Structure formats: structure tokens, C-alpha cells
Amino acid sequence: SCLIQDGRLTFYPGNQTVALPFINFMKRYGTVFLKAYTNSPICCPSRAAMWSGLFTHLTESWNNFKGLDPDYVTWMDLLQKHGYHTKKLGKIDYTSGHHSVSNRVEAWTRDVAFLLRQEGRPTVKLTGNKTHVRVMEKDWQNTDKAVNWIKEEAVNFTQPFVLYLGLNLPHPYPSPSTGENFGSSTFLTSPYWLKKVSYEAIKIPKWSSLSEMHPVDYYSSYTKNCTGEFTKEEVRNIRAFYYAMCAETDAMLGKIISALRDTGLLKRTIIIFTADHGELAMDHRQFYKMSMYEGSSHIPLLVMGPGIKQQQQISNVVSLVDIYPTMLDIARIPAQQNLSGYSLMPLLFEEVESEVVTRKPRPPWVLSEFHGCNVNSSTYMLRTDTWKYITYSDGNSVPPQLFDLSADPDELENIAMKFPVVAHSLDKILRSIVNYPKVSSSVQEYNKREFISWKQSLGQNYSNVIANLRWHQDWLKEPKKYEDAIDKWL
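Okay, so let's go over this structure. Since this is a predicted model, take the numbers as computed values, not measurements.

Analysis parameters
Residues numbered from 1 in each chain as written. Predicted model: local features only at pLDDT ≥ 70, side-chain atom pairs only at ≥ 80, totals over all residues. Heavy atoms only, no water. Helix = DSSP H or I, 4+ residues; strand = E, 2+ residues; numbered from the N terminus. Rg over C-alpha atoms; globule rule 2.2 N^0.38 Å. Buried < 20%, exposed > 50% of the residue type's maximum accessible area, 1.4 Å probe, protein only. Phe/Tyr/Trp six-rings, centres within 6.5 Å; stacked < 30°, edge-to-face > 60°. Lys NZ or Arg CZ within 6 Å of the ring centre and 35° of its normal. Core = buried A, V, L, I, M, F, W, Y, C linked by side-chain atoms within 4.5 Å. Contact = heavy atoms within 4.5 Å. Axes fitted to C-alpha atoms, helices over the stretch in contact; angles between N-to-C directions. Parallel < 35°, antiparallel > 145°, perpendicular 65-115°, else oblique. Left-handed = near helix turned anticlockwise from the far one by under 90°. Nonpolar A, V, L, I, M, F, W, Y, C, P; charged D, E, K, R; others polar. Pairing = 2+ DSSP bridges.

Remarks on the overall build of the protein chain
Here's step 1: Assigned secondary structure in the protein chain consists of 18 helices and 14 strands.
Here's step 2: Rg of the C-alpha trace for the protein chain: 22 Å, near the compact-globule value of 23 Å for 490 residues, within the 12% margin.
Here's step 3: If you line up the protein chain on its principal axes, its C-alpha atoms span 65 × 55 × 50 Å.
Here's step 4: A burial count over the protein chain gives 58% of its 490 residues as buried.

What about the packing of aromatic side chains?
Here's step 1: Counted under the stated rule, the structure contains 27 aromatic pairs.
Here's step 2: Pairing W108 with W454 gives two aromatic rings, centres 6.5 Å apart and planes at 55°, and the pair type is tilted. Of this pair, W108 sits in helix 5 (residues 101-108) while W454 is found in helix 15 (residues 436-458), placing the two residues 346 residues apart along the sequence. Both residues of the pair, W108 and W454, belong to the buried class.
Here's step 3: Aromatic ring contacts, followed pair by pair, group F65, W108, F451, W454, Y462 and W489 into a single cluster.
Here's step 4: The ring of Y288 has K289 lying over it, and the distance from NZ or CZ to the ring centre is 4.3 Å.

Digging into the nonpolar core
What tends to happen in soluble globular proteins is that the nonpolar side chains get buried as a cluster.
Here's step 1: Judged by nonpolar contacts, the single largest core of 76 residues is most densely connected at M26 and L260.
Here's step 2: The greatest single-element share of this core, amounting to 17 residues, is contributed by helix 9 (residues 232-262).
Here's step 3: Every residue in contact with L260, bar those within four places of it in the chain, is listed here: I150, F161, L265, L266, T269 and I271.
Here's step 4: Listed in part, the 39 residues of the second largest apolar core include F55, W108, L402 and I415.

Remarks on the packing of helix 15 against helix 18 (residues 479-489)
Here's step 1: Relative orientation of the contacting elements helix 15 and helix 18 amounts to 125°, with a least axis distance of 12 Å. Between helix 15 and helix 18, the angle is such that the two are oblique. Of the two possible hands of crossing, helix 15 and helix 18 adopt the one that is left-handed. Along its contact with helix 15, which presents N447, K448, F451 and K455, the element helix 18 presents I486, D487 and W489.
Here's step 2: Class assignment of the residues belonging to the contact of helix 15 with helix 18 gives a composition of three nonpolar, one polar and three charged.

Some words on the sheet that holds strand 6 (residues 185-189)
Backbone-to-backbone hydrogen bonds join strands into a sheet, with any given pair of strands oriented parallel or antiparallel.
Here's step 1: Pairing in this open sheet of three strands is mixed, and the strands run 3-6-5 from one edge to the other. Two strands bound the open sheet, and with one partner strand each, they are strand 3 (123-126) and strand 5 (173-174).
Here's step 2: Pairing of strand 5 with strand 6, which is carried by two bridges, proceeds in the antiparallel orientation. Bridged to P174 within strand 6 is S185.

Remarks on the packing of helix 6 (residues 137-152) against helix 9
Here's step 1: Put simply, helix 6 and helix 9 touch, their axes get as near as 9 Å, and they point 10° apart. On the basis of their axis angle, the class for helix 6 and helix 9 is roughly parallel. Mapping the contact onto sequence places D139, W140, T143, A146, V147, I150 and K151 in helix 6 and E248, A251, M252, K255, I256, A259, L260 and D262 in helix 9.
Here's step 2: Class assignment of the residues belonging to the contact of helix 6 with helix 9 gives a composition of nine nonpolar, one polar and five charged.

By themselves, these are just geometric observations and shouldn't be taken as functional.
As C-alpha cells, then:
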């Protein structure tokens, strides 16, 4: 399963805010990873990493519409080649994500020296009554299809199967009144799900003042239209509605578990539950993702099935690129040499066969990177057991951030200046994994190239089209100023 969930909801104290019975079922009968991260906090690049087992700078999936080549050999392709029955349902998005022209242009122009709101202010909406269960109808339909496939097809197979179900929830909904290009987001749920949320357990995040924010955070907050005033009640509601959407997602997981139980397949099937990224839900004065803060980059990862340790909590840092080698390991297919990830099997299983033990050891870090919209420079995160180090662009033009997550789980104090030796040593490790100044500059060149060819394709129509993208409310006040800023950048 692949969706948009803050991984901290799967363990204490985050799990106190909302009832997630099937995630709890997986914890009781399986293993939960306490430090699992996305390799890029946005749909398409993250999925490209998961399906390929490669870091983002290797897939060159720079934004939400540039993913893997359609003919890339995924782990599922390999399993199919080795005799598995395979089925993909729902949101897949690893060659290209859903996106508007506006999304593209916002990603390409992020280096332009202007500040324009690219999103509507986040809102909440209650729909239906206390018995309204199926709010995200499309996800439920895909869940039904998966259940039917298990009950009608999988139960009769003599060969093993692999089923992938990609859900959209708990992704906020685009607000219909504003149209695709005018990008407001609505946290939508029904009273049925909202009553599963414990309002008194919801933490209202602390915010830095606008003048103290890291420059990239300020840009993100501004372009996401979150720099205005928000009441405590507004913030609490956004968070509550998001948690309610997580509860609805949990129920879909429950349908899959029940189908496997009803067919007698549960005790011989491995289930993996994870997400492509999280949701800030007003942490750090932002909603959505595109950030290395925990709400956006920390994902759920739970695994249960035959041979997997029960009630186990794993604190090793892991990430989505580990799914590819894990899948090959489960299917006993020899792994390719060039993968960025490491199999999770040695961490998961009661008894691991000796051939697995001889593999190269898992490194004590994970890497995440982001190159898309709402952030005005390429971002790189190195996460170790204690530290989170975030650096930007060429490593010089934007100040880095360092957080000690054991002492400061809310990431409120950037201690990069206080601990320069730590920051320097983490930067050195990061540079040994990826030449990030070089990657940043190739993304900049790519953005310029793509923008120029888009601009040329519009001809005389360019001024009108660019003025009426999602930033139209800001742009139309001074169109010439913004066009000039783009010309200067080019």
C-alpha cells in the first residue's frame, strides 16, 4: 500500500491521536519501523525510488511529472519474470504523477527571485453524516477490486502472488471550486471518521516567527499560502481532519487483512504497509509535503507475515529504496549490484539464512532529496540515529540545518552553528554518497531548459498563460514585474 501518511502515527505518542485498529493489528502480529523515511518527499520521485531501488539523483526523477522510464524493470517485473502472479491497483505514479501545467512551471521557476502564492489556504470540510463511511470512493473501489482479486483469483493460484494497492488517502483533496490550476487543498472527512480522533491528544505545533524562519522554510510557507494568521482552532481542525482521513485509510487496510484471513491466505502472506511521504498538517507553518521535517519525510513502515518477528519495534534508519532488495530477497531472486537500498530481511526475520548474513552491512544513515516545487533550492537530508542534517543547493549559498532528534523531536532548534564539527562530518558523509552541488546545478539547468521549451511552445500566448496559473491572484497585480524577473533569470 502506498499513501501519504505521517509515520509517527504508527507508534507512541503519535498513535494516541487517532484509532488505527488495523495498523495496531500489524504491530501486534508483526514489526514496526520507528525510523523509516521517504527518499524524496513528493509522490512521483518517491515512488520512482521505491519501484527502482535507486536514489533520486540516480533516477533523475526531479519533480512530480518526471519519473522512471516507462520500460524500467521494477521489482514487480522481476517477480513476474520469476513466476509470480502480479496485480497492481490504484495509484502507481512512478513514471509520472498527476500534475497540472502550473505544477511544472512552479517547479521550473523556483530559482526565480519572486514570491508568489502557489496554493490556496488549506481548509477543512465535513461531508455526509455519522454513518458515512466511504468518503474517498475511488480508493474504496480499488480496495474492493483488491479484495475480489484475493477472493476470486489469488485463492486458486498454485504459484505465489504479489498484489500492490496504491491509495490516494490521506492526501488532501484539491478544492473543486478553485479548479486544477488554482490549487487550494481541502482536508475532507465525515463525522463517522472524525469521531475516531481524540481532539485533546492533538498537539498544536510551535512555530518560529516569520522573521526567524530558515529562508527556504519561509519560501515554502509563503508559496503554500500559510504565512497569514491561523487560529489554534483552525490548526487543530486541519490536524484532526487529516487524522480522520488516516482512520479511513486504516479501514481499507483492514479490508485487505480480512480478505486474506477469510481465504486462509493470511498465515502465508507477507503484508507491507508504507507511504510515499507524510503530511505536515501545519507543522512548521506548512501543510502538504516537500520538506525534510518529520511530518513530511518520516513514513510508516509495518511488515507482518510468516517468520516475521511479532511485536517488534526496529529503530534502524531505513528508507523506501530498501523495498526493492527486500522484495527480491523474499522471492529468493539474486539482487542486482547497483541498488541504493538494502534488504530488510535480516532485521525482520526470526531466523535468517546464512547467505543473507554475508551481505554488505546496512549503512547507519538514509538519504532523502527534493528538487521540485514549493522549495527554492535542491534539498538533501542525511538522517542517522541521532542527527538530521539538511543542506541546500551548493552547500554554501543557503545555510544548512542540523537537528538532534532525540533532544529536539519537534525540530525547533537548528544547531548547525553550535555543532560545526558534527555538521561538517555529516556533510562529508553526504558528499561521499552524492556530489550534491553538481546534482543541484544539473537540476537548475534542466529547469531552465524545460521552461524555455515550454515558453517557446506557447508563442504569443505565453504572457496570458503564465499570468493565469495557480499564482494568478498575486501575478495579476504586477504582471510585468514577474515576467521581467523570469527574463532576468533566463
